[in-house]
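Commentary on secondary and tertiary structure
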Amino acid sequence: MQIYVFDGSLEGLLCAVFEWFERKPGQIQLVTKNDFQPDAFTAHLDILPEAGKADRVWKGLQSRLPKGWMRRFYCTYLSESPEAYTALFEFTCYIFSAEPGAENNYGNPHVLAVSKTAIKVEREKHRMEAFIRFQHTADGIFYCGIDPDFNVLPLIMSHFKNRYADQQWIIYDINRKYGLYYNLEKVEEIKMDFNEPNMLRPSSGSLSDKEELYTVLWKDYFKSANIVARKNTKLHVQHVPKRYWKYLTEKQQ
Amino acid sequence: MSERIREKLNILADAAKYDVSCSSSGGTRKNDNKGLGDSHASGICHTYTEDGRCVSLLKILLTNHCIFDCAYCVSRKSNDIERAAFTVEEVVELTMNFYRRNYIEGLFLSSGIFKNADFTMERLLRVVKKLRLEERFNGYIHLKTIPGASDELIREAGMYADRMSINLEMPTESGLKLLAPDKSHQDVIKPLGFVQNQIVQFKEERKLIRSVPKFVPAGQSTQMVIGATPETDKDIMHTADAFYRNFSLKRVYYSGYIPISNDSRMPILGTQPPLIRENRLYQTDWLMRFYGFHVNELLNDANPHLDIDIDPKLSWALRNLQHFPVDINVAAYKVILRVPGIGVGSAKKIVQARKFGRLRIDQLQKIGVAYNRAKHFIKCADSPYQLKDYQSTQIKSFILAESQSKYIKHDTSQLILF
Ligand code: SF4
């Protein structure tokens, strides 16, 4: 089986589809440059991303898929996993080969895989929209650091931009090392250097005077809203998985 | 200053928590004035309390002073508790600052009745007006309609609120009379009807003139307390059904009564709140709203109570085995929806996917059908041939045996839908 090696970009992925239709080599294996380990026995093809080719594939998909599926496609791509890349590749080939409407064939494993991965990414996006807690810094910026499972910053941008239109904010993905900065006009992608030990939640030294009060009030509120007679820790943890607690003001000691 | 505000927040959040609604869905406000906030159509839960309930809104009372003495309420006049009252400014500051930090989707403001209904409603109105007009706040606002307040005040409040609600409190008039002799369902019906009329009227006018403001765009809801008085599940759900139909309510909430006093008319202190029952009522509510069930199919004179050990959809199926098995590959969507173990999402996927070929067991499982439950009620491409028809009691015991760990062992206070 031939191996297609691409650079991990969306463009590269779409070009892999383009090349496959040019050559029709049958079953191939798609890997990213980073995961690729050449051996002497398997032939491989280096996919060079080219905007023109990628664009044709993207347009082709757009003409076949309803908007919701284009979104699913993009979300699945942002999951950044090798299985997702393969699923997208196979899915795209299937969509181009099958009758219109084939995206509704949930009996097809690639259709199902894309749909399921997209749901996971959307869930992570939704969790970030829910669990991000801004802290008001001494510079007057509302800041929050995150390290989401998937690369969701592009997905959450417009939500935060629409919502927090009258305050400056930064959401920083500390693992992927980039963030979004809204300067009251538009959102910019930024890279930052930190002198803070905790990039998720900066320490009180760099925060505004009122920050501590609202932190305390929010923690108080969280406690008051609880009904002890209904305690249900299992359900609580199911809704707020422990790995997100580090974001949550109300969960800090 | 910060100590006093902490104290007030503790008292007035604590008193507000028995209102279980925390939904922030259905808001349609857009941030088109470069202010703060917009509404998310499906709502967002920003955190969950340790009892597992969604926290979406800052839910507080303006004050817990009250001239009434409803036996089921912590704020009742005769209760010896600390009282407090927020100023309008304090509520606005809290809401804005919580919202800016992404703690909440908005405000749920309720109040005890101080002085009289109009006086109270007027204060609530001042809060929402300040938020909307001065602070340019576009987040979600759920406002209590104060029974007995004037139409003018209610109408004005409705132009700024996303949702309004009034609680029925007890599922029947006799239950209410028992615990709150001063109150009647009529006090609730009148303002619910008024707001509903206004919603319809504003919508009509907006069709003609775009600049007509939105009126309570997320609709109305109500709440019933469960288990304080001896109503049957049938009483409760028939009341809910009537209110859904007559007032186009968005939601009816069921709140298991948590004993708060030694009043001999109600369960004594320390009695466990009826959490499983509450869960079953929510499931029934869901079946009525999203699964096409009529309330009479689920609760009637022959079956006035919901089963505790199995969910209402399974109960219905076991009572109506004549409708099964359903052939997944040909049955109508509506019929598939009624199969235990198949939810709305899976049912939709099934009718899409079967166009591409007859569906098999493994495909159903991947689509998300709870096959071990559904298998007793369906046929698909490779269903095993069954020698004999099982009785409903046998099917029930199979399903219970299989789902033992999942549904019974842990206390079932959590909301498991089908
Ligand atoms: S009127 Fe409302 S706040 Fe006052 S006692 Fe009755 S339920 Fe409680």
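Being a predicted model, the structure only gives us computed values, none of them experimental.

Rules behind the numbers
- Residues numbered from 1 in each chain as written.
- Chains lettered and ligands numbered in written order.
- Predicted model: local features only at pLDDT ≥ 70, side-chain atom pairs only at ≥ 80, totals over all residues.
- Heavy atoms only, no water.
- Helix = DSSP H or I, 4+ residues; strand = E, 2+ residues; numbered from the N terminus.
- Buried < 20%, exposed > 50% of the residue type's maximum accessible area, 1.4 Å probe, protein only.
- Contact = heavy atoms within 4.5 Å.
- Areas by Shrake-Rupley, 256 points an atom, 1.4 Å probe, with all protein chains shown as cover.
- Lys, Arg positive; Asp, Glu negative; His and termini not counted.
- Charge placed at Lys NZ, Arg CZ, Asp CG, Glu CD.
- Rg over C-alpha atoms; globule rule 2.2 N^0.38 Å.
- UniProt positions renumbered as here; feature names shortened; annotations may be inferred.
- Near = heavy atom within 4 Å.
- Nonpolar A, V, L, I, M, F, W, Y, C, P; charged D, E, K, R; others polar.
- Phe/Tyr/Trp six-rings, centres within 6.5 Å; stacked < 30°, edge-to-face > 60°.
- Lys NZ or Arg CZ within 6 Å of the ring centre and 35° of its normal.
- Buried area = accessible area lost by both parts, 1.4 Å probe.
- Salt bridge = Lys/Arg side-chain N within 4 Å of Asp/Glu carboxyl O.
- Polar contact = N/O pair within 3.5 Å; in protein donor to acceptor, adjacent residues only side chain to side chain.
- Expected span 1.5 Å × (residues − 1).
- Domains from an automatic or database assignment.
- Core = buried A, V, L, I, M, F, W, Y, C linked by side-chain atoms within 4.5 Å.
- Pairing = 2+ DSSP bridges.
- Axes fitted to C-alpha atoms, helices over the stretch in contact; angles between N-to-C directions.

With that settled, the discussion passes to the overall build of chain A. A tally of helices and strands in chain A yields eight helices and eight strands. Taken along the three principal axes of its C-alpha coordinates, chain A extends 65 × 45 × 40 Å. The proportion of buried residues among the 253 residues of chain A is 53%. Look at the contacts in chain A between residues 6 or more apart in sequence, and 70% of them connect residues 24 or more apart. In the form shown here, chain A has an accessible surface area of approximately 12100 Å², with 51% of it arising from carbon and sulfur atoms. Once the 33 positive and 32 negative side-chain charges of chain A are each reduced to a mean point, those two points are 8 Å apart.

With that settled, the discussion passes to the overall build of chain B. Each helix and strand counted, chain B has 15 helices and 10 strands in total. Relative to the 2.2 N^0.38 estimate, which gives 22 Å for 418 residues, the radius of gyration of chain B is 24 Å and therefore close to what a compact globule would have. Taking all 418 residues of chain B together, the buried fraction comes to 58%. Considering only intrachain contacts with a sequence separation of at least 6, the fraction spanning at least 24 residues in chain B is 66%. Charge-centre separation for chain B: the mean point of 58 positive side chains lies 6 Å from the mean point of 47 negative side chains.

With numbering aligned to this structure, UniProt lists the feature "domain: Radical SAM core" (unreviewed entry) at residues 61-190 of chain B. Across residues 61-190 of chain B one finds 40% helix and 11% strand; the C-alpha atoms that close the span lie 23 Å apart.

Take the site of the ligand next. In the region of the ligand, the neighbouring residues are Cys66(B), Phe68(B), Cys70(B), Cys73(B), Arg76(B), Gly112(B), Ile113(B) and Lys183(B). Taken together, the residues that form the shell around the ligand break down as five nonpolar, one polar and two charged.

Our focus in this paragraph is the packing of aromatic side chains. Centre-to-centre distance and the angle between the planes together describe a pair of aromatic rings. The full count for this structure, using the stated rule, is 32 aromatic pairs over all chains. Ring geometry for Tyr164(A) versus Tyr99(B): centroids 5.9 Å apart, planes at 55 degrees, classification tilted. With Tyr164(A) in the loop between α6 (153-163) and β6 (169-173) and Tyr99(B) in helix α2 (residues 88-100), this residue pair bridges two chains. What makes Tyr99(B) buried here is its relative accessible area of 0%. A centroid spacing of 5.6 Å and a plane angle of 25 degrees characterise the contact between Trp218(A) and Tyr221(A), whose relative ring orientation is stacked. Here Trp218(A) and its partner Tyr221(A) are both found in helix α7 (residues 211-225), three residues apart, which amounts to about one turn of the helix. You'll find Trp218(A) and Tyr221(A) in the same group, each marked buried. The ring of Trp69(A) carries the charged tip of Arg72(A) above its face, separated from the ring centre by 4.6 Å. Over the aromatic face of Tyr247(A) sits the side chain of Lys246(A), whose NZ or CZ is 5.6 Å from the ring centroid.

On the chain B side, the residues contacting the 59 residues of chain A number 60 residues. Contact between chain A and chain B buries roughly 5400 Å² in total, counting both sides, with carbon and sulfur atoms accounting for 54%. It is Arg163(A), Tyr221(A) and Arg230(A) that lose the most area in chain A upon contact with chain B, and together they represent 16% of the buried surface on that side. Where chain A meets chain B, there are seven salt bridges. A salt bridge links Glu105(B) to Arg163(A), with the nearest nitrogen and oxygen atoms 2.5 Å apart. Where chain A packs against chain B, one counts 35 residue pairs in polar contact (both at pLDDT 80 or more). Mapped onto the side of chain A that touches chain B, the elements with two or more residues apiece are α5 (109-131), α6, α7 and α8 (233-239) of chain A. Among the elements that make up the side of chain A that touches chain B, the one with the highest residue count is α7(A) (12 residues). Here the residues of the side of chain A that touches chain B sort into 27 nonpolar, 19 polar and 13 charged.

Our next topic: helix α1 (residues 2-14) of chain B. With 13 residues, α1(B) should reach 18 Å at 1.5 Å per residue; the first-to-last C-alpha distance of 18 Å fits that figure. Listing the buried residues of α1(B) in full gives Ile5(B), Lys8(B), Leu9(B), Ile11(B), Leu12(B) and Ala13(B). Buried residues along α1(B) sit against α7 of chain A together with β3 (57-61) and α2 of chain B.

A separate point is the domain arrangement of chain B. Residue and element names in this part refer to chain B. Here the domain parsing of chain B yields domain 1 (2-298) and domain 2 (312-402). Each of domain 1 and domain 2 was reduced to a C-alpha centroid, and the two centroids are 38 Å apart. Contacts between domain 1 and domain 2 engage 10 residues on the former and nine residues on the latter. In total, domain 1 and domain 2 occlude about 830 Å² of area from one another, counting both sides; carbon and sulfur atoms represent 62% of this. When residues of domain 1 are sorted by the area they lose upon contact with domain 2, Tyr291, Phe293 and Glu297 head the list and together hold 59% of the total. In this structure, the connection of domain 1 to domain 2 is made through one salt bridge. Scanning the region where domain 1 abuts domain 2 turns up five residue pairs in polar contact (both at pLDDT 80 or more). Going through the elements one at a time, α8 (275-290) and α9 (295-298) are the ones with two or more residues in the side of domain 1 that touches domain 2.

Oppositely charged side chains may form a pair once their charged atoms are brought near each other. All told, the structure shown has 42 salt bridges over all chains when counted by the stated rule. With a closest N to O distance of 2.9 Å, Asp55(A) and Lys59(A) form a salt bridge. Here the residue Asp55(A) and the residue Lys59(A) both occupy positions in helix α2 (residues 51-64), the gap between them amounting to four residues, near one helical turn. With its nearest N and O atoms 2.8 Å apart, the salt bridge here joins Lys234(B) to Asp301(B). With Lys234(B) in helix α7 (residues 233-247) and Asp301(B) in the loop between α9 and α10 (312-319), this residue pair connects regions lying 67 residues apart in the sequence. For Lys234(B), a relative accessible area of 21% translates into the label partly exposed. Note on Asp301(B): relative accessible area 65%, which makes it exposed. Ionic contacts of the salt-bridge type, sharing partners, join the residues Glu19(A), Arg23(A), Glu50(A) and Lys53(A) into one network.

Let us now look at the nonpolar core. In this structure, Trp169(A), Tyr221(A), Leu9(B), Ile60(B), Phe98(B) and Tyr254(B) are the most contacted members of the largest nonpolar core, which totals 189 residues. Each residue touching Ile60(B), except ones within four places of it in the same chain, is listed here: Tyr221(A), Leu9(B), Leu12(B), Ala13(B), Ala16(B), Phe86(B), Val91(B), Leu107(B), Phe108(B), Leu109(B) and Ser110(B). Cys70(B), Ala228(B), Tyr257(B) and Met266(B) belong to the second largest nonpolar core, which has 13 residues in total.

Another point: the sheet that holds β3(B). Residues and elements named next belong to chain B. The strand order β3-β4-β5-β6-β7-β8 describes an open sheet built from six strands, whose pairing is parallel. This sheet does not close on itself; its edge strands, each paired only once, are β3 and β8 (251-256). Taken pair by pair, the neighbouring strands of this sheet meet at an average axis angle of 20 degrees, ignoring direction. Pairing between β3 and strand β4 (residues 106-110): five bridges, direction parallel. The residue bridging isoleucine 60 from the neighbouring strand is leucine 109, located in β4. Together, β7 (220-226) and β8 form the strand contacts of α7, whose direction differs from that of β8 by roughly 155 degrees.

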